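# Remarks on the overall topology
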Amino acid sequence: MVEEQKDGVILDVSVAVPRYVLSHDALAEARGIDPDKYRYGLGCEEMSVCGPGEDTVTLAAEAAWRLLKGDPERLSRVGMCIVGTESNVDASKSIASTLHGLLGLRPACRVFDIQHACYGATAALQMARSWVRQYPRQLALVIASDVARYERCSPGEPTQGAGAVGLLIGAASPRDACLTLSAVSGTYASDVNDFWRPTYQKTACVKGKFSVDCYLKGMVEAYDDYKAQVKASAVPEHMLFHAPFPHMARKAHRRLMVHQGHTDEIFLADDYRRRVEPSLWANRRVGNIYTGSLYLSLAALCEQEGDDLTGCHAALFSYGSGSCSEYFTGRFGQAVARPGLQAMLDARDSIGVSRYEVLSDASLALEQNQSFCEDIAPRKGQPFTFLGIRDHERVYRQNEIGRRGEDFARERVESLPRAIPGRDPGVGQRPLLDGVAG
Ligand code: HMG
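The text that follows walks through the structure, step by step, so that each part is easy to find. (Residues numbered from 1 in each chain as written. Predicted model: local features only at pLDDT ≥ 70, side-chain atom pairs only at ≥ 80, totals over all residues. Heavy atoms only, no water.)

### Focus on the layout of surface pockets
Convention followed: As defined here, a cavity is a set of points on a 1 Å grid over the protein atoms alone where a 1.4 Å probe fits but cannot get out. A pocket is an open set with protein on both sides within 12 Å along at least five of seven lines, and residues line them when an atom is within 4 Å of a point. Grid points are joined across faces, edges and corners, and a volume is the space filled by probe spheres set on the points. Strands are runs of DSSP state E lasting at least 2 residues, helices are runs of H or I lasting at least 4, and numbering of each runs from the N terminus. Amino acids outside the nonpolar list (Ala, Val, Leu, Ile, Met, Phe, Trp, Tyr, Cys, Pro) and the charged list (Asp, Glu, Lys, Arg) are all regarded as polar, and Gly is one of them.
One number sums up the size of the largest pocket: a volume of about 810 Å³. Considering the residues around the largest pocket, the lining is formed by 34 residues, among which E86, S87, N88, V89 and R197 are closest to the centre. Where the lining of the largest pocket is concerned, the elements lending two or more residues are β5 (110-114) and β10 (195-196). Its residues placed into classes, the lining of the largest pocket shows 13 nonpolar, 12 polar and 9 charged. When its volume is computed, the second largest pocket comes out at roughly 660 Å³. Every residue lining the second largest pocket is counted, 28 residues in all, and those nearest its centre are G208, K209, S211, V212 and F245. At the level of secondary structure, the elements contributing two or more residues to the lining of the second largest pocket comprise α2 (35-42), α7 (208-229) and α8 (246-259). Among the elements that take part in the lining of the second largest pocket, α7 stands out by supplying 7 residues, more than any other. Per-class residue counts for the lining of the second largest pocket are 14 nonpolar, 9 polar and 5 charged.

Take a look at the structure:
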């Protein structure tokens, strides 16, 4: 039997969401808006809201921890950790550095963040794919983590959200993958001010309608670039779009279909229902998580369709304001991820609008120097907590469950034999064990 060629693939997908959830019906009532606008006009049902002790870093660390916990072999092989984010908490130190400490990654590891609005995680994913081809025995973590904040009472407010998605990237045969991505991508970049966040602001500036136009133009251009490179390609069974609000995916699908020459309304509605809708249920319940939004759709599709996805093709469109667009495709293998998303979303605590406002003010207050507070209780199952800032340093606590995962991993890694130095361009040359010590 001929062994399948290995490629840089997505091996697993994880998700982390914060403790609280606010319904769009409650938000609409408080803002004096017809709830149908949010539910049907934007396609939103709920948005995730951070509690005290949750920020971009704890969400990123939790998504990464979910990929590694209880699997010391995975932990020992991680040689790269890239965080895609546009809601970073520091202008210099990378979130990936903090993750390195919280997760106990080994010292011989590349850690850095990538920022390009909602496109950051896709840039990280493409870089990680190439890197694991060079170091096939190692694994890369790509973590997309964001807390989306718009001005209160602005049109963007119902499109907020918070959460992180983790992608484990490794060299494997397409059969052993969750998703193997196409060798080529279509790309398009344009210098536009559709959405941005000045460093002196906590909330985003946005030209809403213009940003929708920029997104749609970027998609068509990136798709055309892809088609110019690929002579013949399978018609994808699933289409995943960056979804700042779920109705954006409907607009994108429609524009792409019309661009491809499909204009029959019944065909368009049916095609949308079959190929796009199954991936959107989690986005409706989480809100915009910026750079993780596309990959939240991937996690949701995996959970919804399970093993039925094996052998199916998907088209993916990533958009980051500013802007950069990428259209690519992928084929599902036998290791379809099971991120446990439904249970995670159902377990959130529901809050009303006044509590949501108090919590957003409180999380901004925690961003001030000397906000440190030891007593912040973690939610059930939360591995890491942000305790505020002390002497300009952010303090993170590894909760008991976070420590247990790491101790378990450390025990197992210590019992693994040391690799023979000089024989392996990957793991073998690295001081593997030193990095795992806490
Ligand atoms: P808006 O002005 O509040 O809403 O802004 P609208 O008046 O355009 O209404 C929205 C939809 O609801 C419309 O449907 C209305 O007809 C419908 P459409 O014409 O679009 O199909 N509607 C109703 N439906 C049912 N019952 C009703 C009702 N009333 C109205 N009673 C906007 C909407 C998206 C502009 C705003 O929410 C916003 O500014 N959001 C933030 C920006 C954004 O998400 N842009 C998307 C593209 S850019 C992007 O994706 C990048 C991003 O993720 C950032 C990054 O890259 O980092 C944002």
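Moving on from the model shown.
### Section: the pairing of strand β4 (residues 78-84)
Applied cut-off: Three exposure classes are used, based on accessible area relative to the maximum for each residue type with a 1.4 Å probe and protein chains only: buried under 20%, partly exposed in between, and exposed over 50%. If DSSP finds at least two bridges between two strands, the strands pair.
Counting buried residues in β4 gives 7 out of 7 residues, a clear majority hidden from the surface. Sheet analysis places β4 next to strand β6 (residues 139-148), joined by 6 bridges and oriented parallel. From the neighbouring strand, V78 faces β6, where its bridge partner is L139. Summarising the sheet, β4 and β5 pair through 5 bridges and their orientation is parallel. Residue pairing across strands places I82 opposite F112, the latter belonging to β5.

As far as function goes, none of this settles anything; it's purely spatial.
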